[in-house]
Structure formats: structure tokens, C-alpha cells
Amino acid sequence: LREDTGARVKVTNLGVSGQTSPQLLRALRNDPSTRRALRGAEVVTFNIGINDLGQARGSYDAGTCGGAQDERCLHTAVGELDENWDAITEEILSLTSPDRTLVRTVGLGYTPRAGRDLEPYLKQVNRNIATSSDESNIPYAEIRDRKSVV
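Please read these numbers as outputs of a predicted model, since none were measured by experiment.

Peer 1: Just checking my understanding: could you explain the sheet that holds strand E2 (residues 102–106) for this structure?
Peer 2: The strands that make up a sheet pair up through hydrogen bonds in the backbone, lying either parallel or antiparallel. Pairing is parallel in the open sheet, where three strands are placed in the order E1-E2-E3. Every interior strand has two partners, whereas the edge strands, strand E1 (43–46) and strand E3 (140–141), have only one. Taken together, the four bridges between E1 and E2 define a ladder with parallel strand orientation. When the bridges of E2 are listed, Thr 45 appears paired with Arg 104. Strands in contact with helix H5 (residues 72–95) are E1 and E2; relative to E1, the strand with the most contacts, it is inclined by about 170°.

So this is what it looks like as C-alpha cells:
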């Protein structure tokens, strides 16, 4: 932003390593400092979800995922993430003003360590994020590898 506009930029990083979508949603709904930061923001960039799939992946790798082909927990994680994503988007939009705040997001992107078994689930999550972003008029980008932005 500084390079493109010459504006002074103050970054407030609310990201928490290892955070899952239910945790982010809880913070957006209940943490006064998070809510205050969003109300005052001119640009909000958000992304969440890889840790949700990572937790399900642990059960899958341990053979305790359940269901057909032991993939129930992966299907469940995708469904819950989709619901949480929509609620997170709604919460962010309720705390910001479309007249003075640019809200934008990215998909789960380049995940070389996810492995082929998670690929269909990552694609489904990214489709959900793209659809939700489009429906909410939020600019969206998908980083597929180190060299491309779609």
C-alpha cells in the first residue's frame, strides 16, 4: 500500500499462529481489542482455514477419521470451515464501513506440504472462499505457487 499510494501505513497484525476458524470467529465476536481494531481499519486482509484442515489431517493420518475411506473428518472440516468462513466474513463486514474500509482475502493458496490426499479438500475450500468472496463483493486472490497469482 505504501508503495502503490505513498500513504503512511500502520499494520496491526491480529493473526495468531495455529488459529482455527472457530477461534477467529470467537475473537471477532467477543474480543474487544479485535473488534476495535477492525472498526478503525481502512484495509482488512483476512485468511483462515489451513489449521482446520491440518487438525482433520492428523485424524486422517492416524486412521481415526471415520466414514468411507476414513475421510469423514476431512469432509466435516470442509463443511465447518465453509460455515465459519461465511460467519467470519459477515462479522468483519459488520465491523467495517464499506465507504472507508477495503476488505480483501486470499484462498488457502500454495500448500506444498499438504500432499495429494488433501488436494481435493483444499480445492473445495478454495472454491467456497472464492464463491463467498464474490457474493460479499470482497476482492479475492488465489496464490497457487510461488510465482503465480490468480
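After presenting the structure, the write-up continues.
Peer 1: What's the story with a negative patch on the surface in this structure? I'm lost.
Peer 2: Negative charge collects at one region of the surface, where Glu 80, Glu 83, Asp 86, Glu 90, Asp 134 and Glu 135 lie side by side. The set of elements that each furnish at least two residues to the negative patch consists of H5 and helix H6 (119–135). Take the negative patch: its biggest share by element is four residues, from H5. By secondary structure assignment, the location of Glu 83 is in helix H5.

The rules behind these values
Residues numbered from 1 in each chain as written. Predicted model: local features only at pLDDT ≥ 70, side-chain atom pairs only at ≥ 80, totals over all residues. Heavy atoms only, no water. Pairing = 2+ DSSP bridges. Helix = DSSP H or I, 4+ residues; strand = E, 2+ residues; numbered from the N terminus. Contact = heavy atoms within 4.5 Å. Axes fitted to C-alpha atoms, helices over the stretch in contact; angles between N-to-C directions. Patch = residues over 30% accessible without salt bridge, like charges linked within 9 Å, V, L, I, M, F, W, Y side chains within 5 Å. Areas by Shrake-Rupley, 256 points an atom, 1.4 Å probe, with all protein chains shown as cover. Salt bridge = Lys/Arg side-chain N within 4 Å of Asp/Glu carboxyl O. Lys, Arg positive; Asp, Glu negative; His and termini not counted. Charge placed at Lys NZ, Arg CZ, Asp CG, Glu CD.

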